Amino acid sequence: CYTFTCHIITMTHCHNKRYLPAGISDHLFSLPRPHGKSFAHRSELKQAKRIVVKLGSAVVTRGDECGLALGRLASIVEQVAMLQNQGREMMIVTSGAVAFGKQRLRHEILLSQSVRQALHSGQNQLKDMSIPVLEARACAAAGQSGLMALYEAMFTQYSICTAQILVTNLDFHDEQKRRNLNSTLHELLRMNIVPIINTNDAVVPPPVPNSDLQGVNVISIKDNDSLAARLAVEMKADLLIALSDVQGLFDSPPGTDDAKLIDIFYPGDQQSITYGTKSRVGIGGMEAKVKAALWALQGGTSVVIANGTDPKVTGHVITDIVEGKKVGTFFSEVKPAGPTVEQQTEMARHAGRALASLLPEQRGEIICCLSELLTEKKEEILSANKRDMELATALIDRLSLSTAKLNSLAIGLRQLAVSSRDSVGRVLRRTRVANNLELEQITVPIGVLLVIFESRPDCLPQVSALAIASGNALLLKGGKEAAHTNKILHQLTQEALSIHGVTDAIQLVSTREEVEDLCRLDKLIDLIIPRGSSELVREIQRAAKGIPVLGHSEGVCHVYVDNDASIDKAIDVDSKCDYPAACNAMETLLIHKDLLRTPIFDQIIDMLRIEHVKIHAGPRFASYLTFSPSEVKSLRSEYGDLECCIEVVDSMQEAVDHIHKYGSSHTDVIVTENEETAEQFLQQVDSACVFWNSSSRFADGYRFGLGAEVGISTARIHARGPVGLEGLLTTKWILRGEGHTVADFSEQGSMKYLHENIPIPQGSFS
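Residues numbered from 1 in each chain as written. Predicted model: local features only at pLDDT ≥ 70, side-chain atom pairs only at ≥ 80, totals over all residues. Heavy atoms only, no water.

1. Overview of the overall build of the protein
Summing up its helical and strand segments, the protein has 24 helices and 26 strands in all. Relative to its 766 residues, the protein shows a buried fraction of 52%. (Helix = DSSP H or I, 4+ residues; strand = E, 2+ residues; numbered from the N terminus. Buried < 20%, exposed > 50% of the residue type's maximum accessible area, 1.4 Å probe, protein only.)

In structure tokens:
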């Protein structure tokens, strides 16, 4: 135990700890960031090296305010230890001494009273005992050592040393003590020790009125919020994480109907919010936290206020913040020029409702206008695309646009404009429930769609046109490699939307939103549609929180060549070679065993070799060969290139079983002249698309005549296969009556249910 002129330092020693020389851990980071300017964006928080974590009373204490929340504290210590072992410099400003001391003193008082009562009465029966009001300073004095011992025990599990420092307001105003404190903290950080700091509540004087937040060099230490802010600036910390019992800062008191979490808070915004009451324990409230945060921000330290008590997030809240995820409220001095993604979504939803209320002909006019703009503005589009191509290092083919591609896009959009006239508001069912009581089921838009796509800018006008045709609002998140092309295409889309006053219905997200953060907007987005690699789709499916995801993560497509196959159809390798990177390209070729060592089999192999297709042998196929190609590592492989697996099966039924076991329910094909066998295959294979004597590459919305598609779904509910206009619609029920009540249809009522189907004229709209 080492004494310090500030108050007390207790340094715990871990015998197996290796002290790191100054700077040894910097290899995990870029050069130190010059202090004086906070991070502008959440994504930059990954660069934070020196971090202060402030644990509010509500985080550290139990719900009964007597004792510590041990499980919660242990998970926080684990996260701090992990970041410390990454080479960051961690400091903790903690509450909890009063609560821990209260628990100890209550126990001592009860024990003392029971002993006295037993001696006085001569028996062990206890009467009701009252506990006097415990003075906070006494509780702090009794609890401080126990609190530090607990931190010591927890950090020892991660081979990390800790040191305790107790301070008061006077220590920051006395220049000598301030320098001593600063020097000691720097020395502890240099030795890779985690300082644990708290106000010395056993001796702390009352705060001086109206003496805080007057400038960068002055802040009164009224509570641990102000202490953490002062320390963060004093130590030139990169980040201050303030954990409390609320999710962050709200635009009105949490719990009220219209309260919304503020993602990013800017200086000057405090006039637009209303503060609620303070937390259940502690002496600070949200207003104190905001003032302290703004003071720290002014001093060059970034700040995030977040919830440290929610069991769903406590185990990763600190690491999530440091990774730049959208957690809590981030304080930033840099206000973006455009709206936030939440504001964009609200704008899209509002304009989307207006879009849905347009006549089908009006939505068709918007799509036709966009089609014309694609050809009229082709020079501007291709110029922007050229800029993206010059900066690109990969996926050049997918990124590239051409006059031919734009013309093809325009044709597809004009087809869609025609079909859009039979979409929103179409009557699917009409029932006469009773006399003068009629029920309709009609098609309606889903709401707000989020489409995340990679590399391919031609996706933007296709998806936009489908959203317009179906009356859906749309949020687009494209890859940065196509930023210039996406920008001009979105501008043209909004120009087309403007002819009927619904410009905001389609929004392009250009802020630095991570995909995972977008997937958490479950109160704003109704459906997510990923367009890209299987890795992207899987990432989105994992990240989506309460939002349905329409798509497929893999395209392991099969072609089964039956023993009754035609040689001309069997040797056509279009399924593999037309576009090997497509999700509907063949990845596994299943061969009936009777075809081995026949001219059909030899010609199939020859054709694959001519097209430079690398062959991987399945286990059974390899067993037939003396010298086989490389054996396949997995029968579920999606190669996405001029490669495929060949495997042997005994029958059509075995081929079906293989597809069900190793396929991805995308597209599977049978090649045979036997109609009975083909029909059995078509009925039994449980995939989104099942073909007979045709290329798997036909699994496409444009080729199906849908005009365009948002993707291919392998899900078994809502939409399946190429998803066009119909897949972006849902239904609602409309009931028209004349004052009918359910009581009218009871046993004593005067009415009877009819439930008669009413014929629907073709093209009938509600």
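2. With respect to the packing of helix α14 (residues 403-419) against helix α15 (residues 459-470)
Direction vectors running N to C along α14 and α15 enclose 10°, while the axes themselves pass 10 Å from each other. Viewed along their axes, α14 and α15 adopt a mutual orientation that is roughly parallel. Residue-level inspection shows Leu 409, Leu 413 and Leu 416 of α14 in contact with α15, the latter providing Pro 461, Gln 462, Ala 465, Leu 466 and Ala 469. Taken together, the residues of the contact of α14 with α15 break down into 7 nonpolar, 1 polar and no charged. (Axes fitted to C-alpha atoms, helices over the stretch in contact; angles between N-to-C directions. Parallel < 35°, antiparallel > 145°, perpendicular 65-115°, else oblique. Contact = heavy atoms within 4.5 Å. Nonpolar A, V, L, I, M, F, W, Y, C, P; charged D, E, K, R; others polar.)

3. What to know about the side chain of Lys 49
Position of Lys 49 relative to the elements: it lies in the loop between β2 (8-11) and β3 (50-55). Within the structure, Lys 49 has its side chain in polar contact with the backbone oxygen of Gly 87 (distance 3.1 Å). (Polar contact = N/O pair within 3.5 Å; in protein donor to acceptor, adjacent residues only side chain to side chain.)

4. What about the state of the cysteines?
If you walk through the whole model with that rule in mind, you get 0 disulfides. The thiol of Cys 644 is unpaired, and the distance to the nearest cysteine sulfur, on Cys 645, comes to 7.3 Å. (Disulfide = S-S within 2.5 Å.)

5. With respect to the packing of aromatic side chains
The tally for this structure, following the rule as stated, stands at 5 aromatic pairs. When the ring of Tyr 560 is compared with that of Phe 681, the centres are 6.4 Å apart and the planes differ by 20°; the resulting orientation is stacked. Here Tyr 560 is found in strand β17 (residues 557-561), whereas its partner Phe 681 is found in helix α24 (residues 675-684), with 121 residues between them in sequence. (Phe/Tyr/Trp six-rings, centres within 6.5 Å; stacked < 30°, edge-to-face > 60°.)

6. Focus: the sheet that holds strand β25 (residues 729-736)
Here 4 strands make up an open sheet; going across it, the order is β25-β12-β11-β26 and the pairing antiparallel. The open sheet has two free edges, formed respectively by β25 and β26 (756-757), since each of these has just one partner strand. By the bridge criterion, 8 bridges tie strand β12 (residues 437-445) to β25 in an arrangement that is antiparallel. Paired with Glu 438 across the strands is Arg 736, a residue of β25. (Pairing = 2+ DSSP bridges.)

7. Side note on the pattern of salt bridges
In total, this model carries 36 salt bridges according to the counting rule given. Between Lys 326 and Asp 263 there is a salt bridge whose closest N-O contact spans 3.7 Å. With Lys 326 in the loop between α9 (317-322) and β10 (329-331) and Asp 263 in the loop between β7 (239-244) and β8 (264-265), the pair connects residues that are 63 residues apart, well separated along the chain. What makes Asp 263 buried here is its relative accessible area of 12%. A salt bridge links Glu 756 to Arg 432, with the nearest nitrogen and oxygen atoms 3.2 Å apart. Of this pair, Glu 756 sits in strand β26 while Arg 432 is found in strand β11 (residues 427-434), placing the two residues 324 residues apart along the sequence. Because the salt bridges share partners, they merge into one network encompassing Glu 175, Arg 178, Arg 179, Arg 230 and Glu 234. (Salt bridge = Lys/Arg side-chain N within 4 Å of Asp/Glu carboxyl O.)

8. Section: the sheet that holds strand β13 (residues 448-453)
The 4 strands are arranged β15-β14-β13-β16 in an open sheet whose pairing can be described as parallel. Every other strand in the sheet has two partners, leaving β15 (506-508) and β16 (527-531) as the edge strands with one partner each. When the angles between neighbouring strand axes are averaged without regard to direction, this sheet yields 20°. Relative to strand β14 (residues 473-478), β13 is paired through 6 bridges, and the arrangement is parallel.

9. Remarks on the pairing of strand β20 (residues 643-649)
Most of β20 sits out of view: 6 of its 7 residues are buried. Across 4 bridges, strand β19 (residues 614-617) lies against β20 in parallel orientation. Bridge pairing in β20 links Ile 615 to Cys 644.

10. Structural notes on helix α16 (residues 483-497)
If you check α16, its first and last C-alpha atoms are 21 Å apart, about what 15 residues at 1.5 Å a residue would give, namely 21 Å. Within the span of α16, buried status applies to Thr 485, Asn 486, Ile 488, Leu 489, His 490, Leu 492, Thr 493, Gln 494, Ala 496 and Leu 497. Tucked into the core, α16 has its buried residues touching α11 (360-376), α12 (378-391), β13, α15, β14 and β15. (Expected span 1.5 Å × (residues − 1).)

11. What to know about the confidence of the model for the protein
The share of residues in the protein with pLDDT of 70 or more is 87%, and the mean pLDDT across the chain is 86. Taken element by element, the protein is modelled with least confidence in strand β1 (residues 2-3), mean pLDDT 36, and with most confidence in helix α23 (residues 652-662), mean pLDDT 98. Throughout residues 12-33 the model reports pLDDT below 50, and contacts reaching past four residues in sequence, or to other chains, amount to 41 contacts. (pLDDT = per-residue confidence, 0-100.)

12. Points about the environment of Leu 240
Structurally, the position occupied by Leu 240 is in strand β7. For the pair Leu 240 and Ala 48, spaced 192 residues apart in sequence, the C-alpha separation works out to 9.8 Å. Contact partners of Leu 240, with chain neighbours within four places excluded, come to Val 52, Lys 54, Ala 228, Ala 229, Ala 232, Ala 296, Thr 301, Ser 302, Val 303 and Val 304.

13. Concerning the environment of His 500
Note that His 500 resides in the loop between α16 and β15. Each C-alpha atom of the pair His 500 and Glu 365 lies 9.0 Å from the other, and the pair is 135 residues apart in sequence. If we ignore the near neighbours within four places in the chain, the residues touching His 500 are Leu 358, Gln 362, Glu 365 and Ile 366.

14. Concerning the nonpolar core
Ranked by internal contacts, the top residues of the largest apolar core, which has 49 residues, are Ile 366, Ile 381, Leu 474 and Leu 476. Broken down by element, the residue count for this core peaks at 8 residues, all from α15. In contact with Leu 476, not counting residues within four places along its chain, are Val 451, Phe 453, Leu 460, Val 463, Ser 464, Ile 506, Gln 507, Leu 508 and Val 509. (Core = buried A, V, L, I, M, F, W, Y, C linked by side-chain atoms within 4.5 Å.)

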